[in-house]
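Observations on the model geometry
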Amino acid sequence: MFERFTKDARDVVRGAVEHCEGAGVRTVGAEHLLLALLDREGGRASFALAALGLADRGDSVREALEESRRRAGLSRAESDALAGLGIDVTEIVARVEEVHGVGAMAAGRRAGRPSFGRDAKRILEQSLRMALAHRDRRIGDEHILLALTTQPGPTAEVLADHGVTHAALTRILYGDAEPKAS
Amino acid sequence: MTEATDLAERAGDRDPRVGLRAVAALRRLLEQLEAVQVRSARHQGWSWQEIAAELGVSRQAVHKKYGRQ
C-alpha cells in the first residue's frame, strides 16, 4: 500500500513514528498522525488546514491532544459519562502518571521501534479509500487528514472542535461536489 | 446544586446512551489500568502466577494477554 503514498504522505507516516518515539510511547496512534500533519508546510493537507483557519492554531490543537492524553484517550463525551458515575478520569491518569511516568496509560511502553496501533492502521486504510473515492491516483497527506476526520475518537473530536470536519475538508479540497463512490 | 442541573442529571441517568457509554469507557479505562499494573509487576520481577492470583484470573489468561510484552 505504501508505494501509492506521495512523498508528503510518507513524511507524515515517518513523522508520526517520530512523535510517538519522542513521547516514549510504543504504539503509533491517530494523535501522532495529526501531530505529524501539523508539522507540515506546503502540502495539500497544510493548505486545507490553513484554509480552515488552523495556520496559527497548531498549538491549540496540540494542547487539546495533550488534554485528551490526560483523559486516558477517552473522548470528552466518554469522560463526562464516567463523571456521571463519580469517576474523575483526569484524577486517575494524574495518579497513575505520578507513579508510573507520563504516558504510562498509553498502550505498551516497550523498547524498540513503535508499531502502528489498530486505530492508526485503520486511518491509513481509510486514506486509501478516500483517495479512491475521489478518484485520486495517489494517497497524499490530505487523504490522511480526511481519514482522521472519519474515525470517531478523541483525535477527530479535537479536529472538529477546531472546525476541521469531514464536510469542511471535502469542500476545501474538492469543492462542493461529493465523491461519487464512497 | 441548582434544581435545573439536578433535574438535568437525573434525566441523564435514565438515558441508556449515557449509561452504556459510561460502561464502555470504564472498560477501556480498566484495560489501560490493568496493562499499567501488569507491566509494573513484571518490571518488579513478579511471576505470571503471582500477577494472575492478584487479578483473580488464570496464569494462562494473563500470560496470553501480556506475555509477549
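This is a predicted model, so every value here is computed, not measured. (Residues numbered from 1 in each chain as written. Chains lettered and ligands numbered in written order. Predicted model: local features only at pLDDT ≥ 70, side-chain atom pairs only at ≥ 80, totals over all residues.)

Focus: the overall build of chain A
Put simply, the test is: Per the convention used, a helix needs a DSSP run of H or I reaching at least four residues, while a strand needs a run of E reaching at least two, with both numbered from the N terminus. Only C-alpha atoms enter the radius of gyration; for comparison, a globular chain is expected to reach 2.2 Å times N to the power 0.38, where N is the number of residues. Buried means a residue has 20 or more other C-beta atoms within 10 Å of its own C-beta, exposed means 12 or fewer, and partly exposed covers the counts in between; C-beta atoms are placed from the backbone. Contact definition: two residues whose C-beta atoms, as placed from backbone geometry, lie within 7 Å.
Counting its secondary structure elements, chain A contains 10 helices and two strands. Counting from the amino terminus, helix and strand elements in chain A follow one another as α-β-α-α-α-α-α-β-α-α-α-α. Relative to the compact-globule value of 16 Å for 182 residues, chain A shows a C-alpha radius of gyration of 17 Å, a close match. Overall size of chain A, expressed as C-alpha extent along the three principal axes, is 50 × 35 × 30 Å. Here chain A holds 182 residues, and 41% of them are scored as buried. Intrachain contacts of chain A at a sequence separation of at least 6 include 68% that bridge at least 24 residues.

Topic: the confidence of the model for chain A
One rule of thumb: low pLDDT means the predicted coordinates there are not for detailed reading. Convention followed: Here pLDDT means the predictor's own confidence in every residue, given as a number from 0 to 100.
In this model, chain A carries an average pLDDT of 88, and 92% of its residues clear a pLDDT of 70 or more. Taken element by element, chain A is modelled with least confidence in helix H5 (residues 76-83) of chain A, mean pLDDT 87, and with most confidence in helix H8 (residues 141-150) of chain A, mean pLDDT 97.

Overview of the packing of helix H2 (residues 30-39) of chain A against helix H4 (residues 58-70) of chain A
Residue and element names in this part refer to chain A. Selection rule: Helix axes are fitted only over the stretch in contact, all axes being lines through C-alpha atoms; the angle between N-to-C directions runs from 0 to 180 degrees. An angle below 35 degrees is treated as roughly parallel, one above 145 as roughly antiparallel, one from 65 to 115 as roughly perpendicular, and anything else as oblique. Left-handed describes a crossing whose near helix is turned anticlockwise from the far helix through less than a right angle; right-handed describes the clockwise counterpart. Ten residue types, Ala, Val, Leu, Ile, Met, Phe, Trp, Tyr, Cys and Pro, are classed as nonpolar, four, Asp, Glu, Lys and Arg, as charged, and the remainder, Gly among them, as polar.
It is at 11 Å that the axes of H2 and H4 come closest, and there the two elements cross at 165°. As judged from the angle between their axes, H2 and H4 are roughly antiparallel. Crossing handedness for the pair H2 and H4: left-handed. On H4, the residues that touch Glu31, Leu34, Leu35 and Leu38 of H2 are Gly58, Val61, Arg62, Leu65 and Ser68. Classifying every residue of the contact of H2 with H4 gives five nonpolar, two polar and two charged.

A look at the interface of chain A and chain B
In many analyses, interface size is given as the accessible surface area lost on bringing the parts together. Contacts between the two partners involve 17 residues from chain A, matched on the other side by 13 residues from chain B. With five residues, H5 of chain A is the single largest residue contributor to the side of chain A that touches chain B. Classifying every residue of the side of chain A that touches chain B gives 11 nonpolar, four polar and two charged.

Re the confidence of the model for chain B
Residues and elements named next belong to chain B. Of all residues in chain B, 78% have pLDDT values of 70 or greater, and the mean over the chain is 83. Considering each helix and strand of chain B separately, the mean pLDDT is smallest for helix H1 (residues 3-14), with a value of 53, and largest for helix H3 (residues 48-55), with 96. Interface scoring of the predicted complex returns ipTM 0.75; its pTM is 0.77.

Things to note about the environment of arginine 42 of chain B
Positionally, arginine 42 of chain B belongs in helix H2 (residues 16-43). A tally of 16 C-beta atoms within 10 Å means that arginine 42 of chain B is categorised as partly exposed.

Description of the nonpolar core
Condition: What makes a nonpolar core is a set of buried Ala, Val, Leu, Ile, Met, Phe, Trp, Tyr and Cys residues, with links drawn between C-beta atoms within 7 Å.
Judged by nonpolar contacts, the single largest core of 38 residues is most densely connected at Leu33, Leu37, Ile144 and Leu148 of chain A. Residue assignment for this core shows that the elements contributing at least two residues are helix H1 (7-22), H2, helix H3 (44-51), H4, helix H7 (118-133), H8, helix H9 (154-161) and helix H10 (166-174) of chain A. Counting residues per element, this core draws most heavily on H2 of chain A, which supplies seven residues. If sequence neighbours within four positions are ignored, isoleucine 144 of chain A has contacts with Ala9, Val12, Leu33, Leu37, Ala45, Ile123 and Ser127 of chain A. Listed in part, the 11 residues of the second largest apolar core include Ala81 and Leu82 of chain A together with Ala25 and Val36 of chain B.

Focus: unusual backbone geometry
All names here are of chain A. A positive phi is found at alanine 72, a non-glycine position, where the angle reads about 60°. Here alanine 72 shows up in the loop between H4 and H5. According to the C-beta neighbour criterion, alanine 72 is buried, with 22 such atoms within 10 Å. Even without a glycine there, the phi angle at arginine 135 is positive, about 55°.

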